[in-house]
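Architecture and fold: a report
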Amino acid sequence: MANVQAVLSALEVFSRAPEKAALEQANSWLQDFQHSSEAWSTCNVLLLSPEAPPAAKIFAAQTFRTKVTYDLADMSTPDLLQLRETLLKALETYHAGPRNILVQLCLAISGLALQLPAWEDPVQDMIDAFGRNPATVPALLQFLTVLPEEVTTNTKIPITDDEYKERASKLLTANATKVTDLLAMYLQAQGVTFTVQAQIFNALSSWLAAGEVVAMSLLNSPLLPYSFQALSSEELFEPAVTAVCDLIHETQEIEDNMPVIELIVPQVIALKPRLAEYKDDPEKIRGLARIFAEAGEAYRSLILHHPETFFPIVEAIGECSAYPDLDIVPITFGFWMRLAQSIGKKPSVSPLFMDAYRALMDVIIRHLHFPAEIASLTGQEAENFRSFRHVMGDTLKDCCYVLGTEQCLMAAYEKITSALSRPNVSWQEIEAPLFAMRSMGAEIDPNDDKAVPKIMDLIPSLPAHPRVRYAALLIVSRYTEWINRHPSYIPYQLQYISAGFEDTDAEVNAAAGQALKYLCQDCKRHLVEFLPQLHSFLATMGSKLVQDDKVQVYEAIAYVISAMPMEQAAQSLRAFALDILEHVHSLTAKPTAPTKEELVSIAHDLENLEVMLSVIQSFGEQLPAACQHTHQEAWAVFEPFLAKYGSEYTLCERTTRVLRAGLTFFGAAALPIMPSVLTRMASCFEATGFSSYLWMASKIIGRFGNEGDPSLRAAFKDVYERSSNKLVTILHEKPPQMIPDVLEDYLQMLLQMIDFTPDVFFPSPAFAVAFRVAMAALTLVHSDIVFAALDLLRTIFSHDCLAPTSEPPPPKFPIYAAAIRPVVEREGQELIGLLLSGLVGDFPEEAIGMVVTIFRVLGRLWPSQLRAWLPPVVHQLPSTAAPDQVKSSFLADINSSIQSGDVDKIKYAIRNLHRASRKARERRRAGPLEG
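Presented here is an overview of the structure given in this document. Along each chain, the written sequence defines residue order, and numbers are assigned to residues from 1. Owing to the predicted nature of the model, reporting of local features is limited to residues with pLDDT of at least 70; listing and counting of side-chain atom pairs is limited to 80 or more, with chain, interface and lining totals taken over all residues. Heavy atoms from the whole structure form the basis of all side-chain values; hydrogens and water molecules are not counted.

**Topic: the overall build of the protein chain**
Threshold: Each helix corresponds to a stretch of at least 4 residues labelled H or I by DSSP, and each strand to a stretch of at least 2 residues labelled E; elements are numbered beginning at the N terminus. Residue burial is assigned from relative accessible area. The probe radius is 1.4 Å, only protein chains are included, and a residue is buried under 20% of its type maximum, exposed over 50%, and partly exposed in between. Every residue pair with non-hydrogen atoms within 4.5 Å of one another is taken to be in contact. Only the protein chains shown count as cover for residues, with accessible areas throughout obtained via the Shrake-Rupley method and a probe of 1.4 Å. For the purpose of charge, His is not counted, nor are the chain termini; Lys and Arg are scored as positive and Asp and Glu as negative. All charge positions are set by atom: Lys at NZ, Arg at CZ, Asp at CG, Glu at CD.
The helix and strand inventory of the protein chain stands at 47 helices and zero strands. The dimensions of the protein chain, computed from C-alpha atoms along their principal axes, are 95 × 90 × 55 Å. For the protein chain, the residues scored as buried account for 53% of the 931 residues in total. Contacts in the protein chain between residues far apart in sequence, at least 24 positions, make up 74% of those at least 6 positions apart. Here the protein chain has roughly 40,500 Å² of accessible surface; of this, 51% comes from carbon and sulfur atoms. Between the centroid of the 77 positive side chains of the protein chain and the centroid of its 109 negative side chains there is a distance of 3 Å.

Structure (structure tokens):
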């Protein structure tokens with residue numbers, strides 16, 4: 001009884017809603033309790049005790065289900081058979097509910113049936129025990145509903161594939177006919193209630209969805225006609241819809257199921273008038289839409305080959321697509337997409353289908369209309385509607401696939417011209433067809449000379465409403481490949497885009513920036529002659545643009561520059577770059593402290609320069625004359641700028657990103673200034689602790705690490721040691737969890753060093769710091785950082801210097817090995833503790849291989865130390881993640897592999913530990929109060 005009282009006390013905590021710590025403590029205790037062997041008897045007492053509170057009974061039922069899933073492996077067959085009797089007795093007690101207890105008990109019995117071959121025929125035994133008394137039939141139906149779901153979906157049950165196949169066949173396949181006959185009998189029983197009928201349909205759906213009931217087996221069963229008749233019942237409508245949909249789904253193998261299909265299709269078509277009857281009941285329309293869409297997808301080939309019989313299904317789906325409730329409309333989209341794909345493969349198409357897709361296009365454009373009072377939408381509603389418009393746009397592409405893009409574009413065009421011919425037309429009537437044109441833009445032929453020219457001619461004459469202008473500018477963005485083939489339209493589009501930048505609406509400005517970017521990207525060769533105009537535009541409008549728009553203009557200009565002859569491109573780029581560098585130099589030279597606005601402005605300038613360099617990337621190995629010395633001129637500006645403003649975080653970020661783009665742009669030509677750049681990166685990191693300086697240093701090491709220049713290698717050593725010392729200081733003040741960005745960029749720099757500069761990396765006093773930092777990084781929950789730390793440690797442990805394959809070894813190998821060995825011997829025990837904690841904790845799955853490699857090397861080169869280090873470390877692992885039996889097996893497996901000299905077996909020990917801990921974590925993650 002002590003356990004019973006303890007469970008009740010822990011559960012009472014949840015009803016009081018106390019502090020988070022108390023909830024977590026109670027939750028943890030209940031989880032531990034569920035692991036215990038005492039849980040079986042305690043939960044049985046709770047379930048059968050009339051005085052136990054409802055929460056305790058629910059917990060007891062959930063615990064039975066959990067323990068059946070995870071804890072049957074160590075029980076003998078007699079004990080399992082006794083457990084069966086316990087569960088059946090509990091089910092008998094709770095046959096009338098509560099439902100949540102009933103469901104958990106049925107799930108537990110289903111899980112037990114799957115794992116207990118000695119239980120010869122669970123389905124028949126359940127029918128015998130619960131199927132003859134009308135009062136207990138609902139409990140049987142609940143069991144029959146959950147059995148296929150539990151058998152086919154509960155992958156946590158520990159059972160082999162062969163055992164599963166044999167047992168699933170015995171439980172499900174062998175009983176399918178028996179179950180459907182039983183369901184039919186109950187359905188027709190005198191006095192059967194709506195509640196029981198609903199359960200019958202749910203059970204039928206479950207067996208159909210599991211693929212265990214063959215549709216043909218229902219050919220003469222009353223279940224089939226009753227499922228359709230139940231659609232007239234308010235109480236049975238929802239379960240009947242699901243059953244009909246599952247039944248239709250099971251008949252999609254047309255040739256095998258034609259006799260059943262001949263019964264189903266007339267009944268589906270007979271539902272079509274109900275769309276008008278139920279037009280004011282969205283839930284009924286939703287159910288009918290599910291049935292029609294399921295029938296349309298399953299019988300698509302029949303619809304195409306025999307439209308005279310099956311086309312009413314398409315008409316019904318069209319009516320569902322036209323329904324005003326936009327939550328229901330997408331139920332039909334899968335059908336239209338797949339039908340379009342099938343039509344596209346046919347040499348000729350019935351006019352019926354062409355008309356259906358024309359009607360669908362009209363419906364979608366109507367759905368695209370924003371509400372008349374757009375302000376009436378909440379922020380989330382507006383966002384949901386915008387997202388759904390893009391989904392509807394995909395259905396317009398299906399229309400293009402069937403009707404041809406030209407016809408669809410002309411239909412949208414005619415809607416706009418018709419609207420423009422009427423007085424007082426709403427902006428929605430113009431914007432919706434424009435959005436449709438944009439959605440269909442991906443389907444247009446770049447050589448089209450009928451529809452697209454009309455659209456392009458129409459755009460300048462559209463009303464100046466911001467929503468219309470926004471939509472038109474995005475059409476320009478989408479149609480730039482066509483404009484590239486028709487460059488005569490470029491001047492008009494530039495004028496329209498320029499006007500968009502002058503609009504007072506921020507979204508229109510952003511659309512203009514996007515349109516200019518794509519126009520310059522796709523039409524860059526035609527736009528070279530417009531570069532002075534673009535430069536002038538930037539000079540006059542630049543200060544009025546918000547940065548997001550301005551950066552798109554710079555990106556656009558960069559695309560045009562990239563299309564110029566190299567020398568001309570270099571001169572143009574230099575002109576834009578020098579403008580920006582002049583701003584940087586002016587701020588550096590300013591004798592007074594800058595304003596916040598000046599700092600923001602210079603950060604924007606640097607972003608603009610970065611985006612231009614990122615687009616152009618490089619002029620190749622041989623720089624044009626205009627760029628020969630630009631890197632030195634630029635560094636002469638940036639070096640004092642960083643010295644003065646490198647502690648401003650935003651400027652640090654922006655400057656290092658420009659330097660990174662410059663490294664790509666100048667390539668080998670930048671080598672002479674790299675020692676100075678590295679020295680500045682080291683001093684800036686020392687002063688600020690900003691990770692971007694390490695990031696930049698790692699890029700330089702990765703690019704020039706193989707260079708033998710003594711001053712450069714001295715700079716590598718300098719940045720390595722100064723940054724390591726700074727990191728020691730930071731870690732004394734902050735835990736690793738507070739500086740993930742610094743750790744990641746430091747580790748990435750070390751990975752470049754171990755690859756390109758091992759002569760700097762290993763002999764330095766900073767090596768011991770690097771090793772400790774990698775260990776600290778293993779405590780983080782950031783996958784990328786853990787990967788980087790493990791990658792570094794693995795590379796250290798697997799370095800050839802520790803086990804040279806050639807005699808004599810390379811001359812520096814003994815130096816490297818002499819640096820590694822004392823560090824490993826000093827830090828080894830703590831390291832394996834961190835590795836194993838991560839293994840049973842938060843390490844990502846893909847990290848396991850690197851842990852295995854490190855342990856293999858330890859087992860091969862430090863076997864006695866590993867055996868001594870492991871026991872205290874393993875015993876400290878939390879039992880919630882690694883149960884005691886798992887720990888003992890792991891130690892035994894590791895010792896066995898070391899003693900036998902077969903360290904490759906360490907892999908299996910580590911993988912078994914990881915698998916067991918993952919299973920324990922999954923169980924705890926579900927929570928003690930979840931079923």
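**As for unusual backbone geometry**
Residue P98 is bonded to the preceding G97 through a cis peptide linkage, with omega at 5 degrees. Relative to the elements of secondary structure, P98 occurs in the loop between α5 (77-93) and α6 (99-115). Phi is positive for N424, close to 55 degrees, though the residue is something other than glycine. For N424, the position within the fold is in the loop between α22 (405-420) and α23 (427-439). The phi angle at Q617 is positive, at roughly 65 degrees, despite the residue not being glycine. Position of Q617 relative to the elements: it lies in the loop between α33 (596-616) and α34 (630-645).

**Some words on the nonpolar core**
So the rule is basically this: What we call a nonpolar core is a set of buried Ala, Val, Leu, Ile, Met, Phe, Trp, Tyr and Cys residues that are connected through their side-chain atoms within 4.5 Å.
Among the nonpolar cores identified, the biggest contains 347 residues, and F638 and F761 are the most heavily contacted of them. Excluding anything up to four places from it in sequence, F761 contacts Y720, L750, M753, I754, F767, A770, L792 and I796.

**Describing the pattern of salt bridges**
Put simply, the test is: Each salt bridge in this description consists of a side-chain nitrogen of Lys or Arg and a carboxyl oxygen of Asp or Glu lying within 4 Å of one another.
This structure, assessed with the given rule, holds 36 salt bridges. Residue K67 is joined to D71 by a salt bridge in which the shortest nitrogen-to-oxygen separation is 2.8 Å. Among the residues examined, K67 registers a relative accessible area of 1% and is labelled buried. As a salt-bridge pair, R680 and E639 come within 2.8 Å of each other at their nearest N and O atoms. Separated by 41 residues along the polypeptide, R680 in helix α36 (residues 674-688) and E639 in helix α34 bring together distant segments of the chain. Via salt bridges that share partners, E607, E610, R654 and R657 belong to a single interconnected network.

**Things to note about the side chain of S724**
With respect to the helices and strands, S724 occurs in helix α38 (residues 710-733). Residues contacting S724, with those up to four places away along its chain left out, are Y746, A766 and V769.

**Thoughts on the environment of C399**
Tracing the backbone through its elements, the reader meets C399 in helix α21 (residues 379-403). The exposure class of C399 is buried, given its relative accessible area of 0%. Through-space distance from the C-alpha of C399 to that of A356 is 9.4 Å; in sequence the pair is 43 residues apart. Contacts of C399, omitting those with residues within four sequence positions, involve Y357, L360, M361, G404 and C408.

**Side note on the packing of helix α7 (residues 122-130) against helix α8 (residues 137-153)**
Worth spelling out the cut-off: Under this scheme, a helix contributes an axis fitted over its contacting stretch, all axes are lines through C-alpha atoms, and angles between N-to-C directions fall in the 0 to 180 degree range. In these notes the angle categories are as follows: under 35 degrees is roughly parallel, over 145 is roughly antiparallel, 65 to 115 is roughly perpendicular, and the rest is oblique. Helix crossings get a hand from a simple test, with the near helix turned counterclockwise from the far one by less than a right angle marking a left-handed crossing and a clockwise turn marking a right-handed one.
Axis separation between α7 and α8 bottoms out at 9 Å; the angle between their running directions is 160 degrees. Here α7 is positioned roughly antiparallel relative to α8, judged by the angle of their axes. For the pair α7 and α8, the sense of crossing is right-handed. For the pair α7 and α8, the contacting residues are V123, M126, I127 and F130 in the first and V137, A139, L140, F143, L144 and L147 in the second.

**Concerning α22**
Defined as follows: In this analysis, the expected span of each helix is defined as 1.5 Å times one less than the number of residues it contains.
The end-to-end C-alpha distance of α22 is 23 Å, a good match for the 22 Å that 16 residues give at a rise of 1.5 Å each. Of all the positions in α22, only T405, C408, L409, M410, A411, A412, Y413, I416 and A419 are classed as buried.

**Here we look at the packing of helix α16 (residues 282-298) against helix α18 (residues 307-321)**
Spelled out, the test is: Throughout, the ten residues Ala, Val, Leu, Ile, Met, Phe, Trp, Tyr, Cys and Pro are labelled nonpolar, Asp, Glu, Lys and Arg are labelled charged, and all others, Gly among them, are labelled polar.
Relative orientation of the contacting elements α16 and α18 amounts to 135 degrees, with a least axis distance of 9 Å. On the basis of their axis angle, the class for α16 and α18 is oblique. Judged by the sense of rotation from one axis to the other, the crossing of α16 with α18 is left-handed. For the pair α16 and α18, the contacting residues are A289, F292, A293, A295 and G296 in the first and I313, A316, I317 and C320 in the second. Here the residues of the contact of α16 with α18 sort into eight nonpolar, one polar and no charged.

**Looking at a negative patch on the surface**
To keep it simple, the criterion reads: Patch construction takes residues with relative accessible area above 30% that form no salt bridge. Like charges are linked within 9 Å, and nonpolar side chains (Val, Leu, Ile, Met, Phe, Trp, Tyr) are linked within 5 Å.
Together, D161, D162, E163 and E166 give the surface a local cluster of negative charge. Note that E166 resides in helix α9 (residues 161-171).

**Examining the packing of aromatic side chains**
Definition in use: Stacked, tilted and edge-to-face are the three classes assigned to paired rings of Phe, Tyr and Trp, where Trp is represented by its six-membered ring and a pair needs centres within 6.5 Å; plane angles under 30 degrees give stacked, over 60 edge-to-face, the rest tilted. Charge over a ring is defined by NZ of Lys or CZ of Arg lying within 6 Å of the ring centre and within 35 degrees of the ring normal.
By the definition in use, this model includes 23 aromatic pairs. Seen from their ring centres, F370 and W427 are 5.8 Å apart, and the 40 degrees between their planes marks the pair as tilted. Here W427 lies in helix α23 and F370 lies in the loop between α20 (351-368) and α21, a separation of 57 residues in the sequence. Taken as a pair, F370 and W427 share a single burial class, namely buried. Aromatic pair F665 and F666: ring centres 4.9 Å apart, planes at 90 degrees, arrangement edge-to-face. A relative accessible area of 2% means that F665 is categorised as buried. The exposure class assigned to F666 is buried, which follows from its relative accessible area of 12%. A cation over an aromatic ring shows up here: R467 above the ring of Y470, its NZ or CZ 5.0 Å from the ring centre. In this arrangement the basic side chain of R469 is found over the ring face of Y496, its NZ or CZ atom lying 5.8 Å from the centre.

In short, geometric facts, not functional conclusions.
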